[in-house]
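# Reading the structure
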Amino acid sequence: MPFFGYAIAGIGIYLLKKAADDWYDVSVKPRLRKVFEALDKPLIPANKKASKVFILSVWHEQYNVVISVCCNC
């Protein structure tokens, strides 16, 4: 008898996963794609003018640590 309970639970989980996948593909995925395309647009090299990067690193002997600061201008 416990087999039928496991079978029903397995079928239920499969159907729930299938429904969630379909909902994601139809509702969530297009919206996320728009957001990521908007975020990627400034990062595409053709859309961004050449920039300079200034890096300053300082080693602190007393604490055995290096502090690095990077400025993207």
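Preceding this section is the structure that the text describes.
Basis of the calculations
- Residues numbered from 1 in each chain as written.
- Predicted model: local features only at pLDDT ≥ 70, side-chain atom pairs only at ≥ 80, totals over all residues.
- Heavy atoms only, no water.
- Helix = DSSP H or I, 4+ residues; strand = E, 2+ residues; numbered from the N terminus.
- Rg over C-alpha atoms; globule rule 2.2 N^0.38 Å.
- Buried < 20%, exposed > 50% of the residue type's maximum accessible area, 1.4 Å probe, protein only.
- Contact = heavy atoms within 4.5 Å.
- Areas by Shrake-Rupley, 256 points an atom, 1.4 Å probe, with all protein chains shown as cover.
- Lys, Arg positive; Asp, Glu negative; His and termini not counted.
- Charge placed at Lys NZ, Arg CZ, Asp CG, Glu CD.
- Pairing = 2+ DSSP bridges.
- Phe/Tyr/Trp six-rings, centres within 6.5 Å; stacked < 30°, edge-to-face > 60°.

## Considerations on the overall build of the protein chain
Each helix and strand in the protein chain was counted, giving one helix and two strands. Helices and strands in the protein chain line up, N terminus first, as α-β-β. Since a compact globule built from 73 residues should have a radius of gyration of about 11 Å, the 26 Å found for the protein chain marks it as more spread out than a globular shape. Seen through its C-alpha atoms, the protein chain measures out along the principal axes to roughly 70 × 40 × 10 Å. Taken across its 73 residues, the protein chain has 0% of its residues classed as buried. Of all intrachain contacts in the protein chain linking residues separated by at least 6 positions in sequence, the fraction that spans at least 24 positions is 3%. Of the roughly 7,100 Å² of accessible surface on the protein chain, a fraction of 69% belongs to carbon and sulfur atoms. Taking the average location of the 10 positive side-chain charges in the protein chain and that of its 6 negative ones, the two points are 9 Å from each other.

## Structural notes on the pairing of strand S2 (residues 65-72)
In terms of strand pairing, strand S1 (residues 53-60) meets S2 through eight bridges, oriented antiparallel. Bridge pairing in S2 links Ile55 to Cys70. With antiparallel pairing between neighbouring strands as the criterion, S1 and S2 make up a hairpin whose turn holds four residues, including Asn64 at a positive phi of roughly 55 degrees.

## Points about the packing of aromatic side chains
Under the criterion given, the structure shown has one aromatic pair. Summarising the aromatic geometry, the rings of Phe3 and Phe4 are spaced 6.0 Å apart at their centres and angled 65 degrees between planes, so their arrangement reads as edge-to-face.

## Looking at the environment of Ser51
Note on placement: Ser51 falls in the loop between helix H1 (2-40) and S1. With residues near it in sequence (within four places) discarded, Ser51 still touches Asn72 and Cys73.

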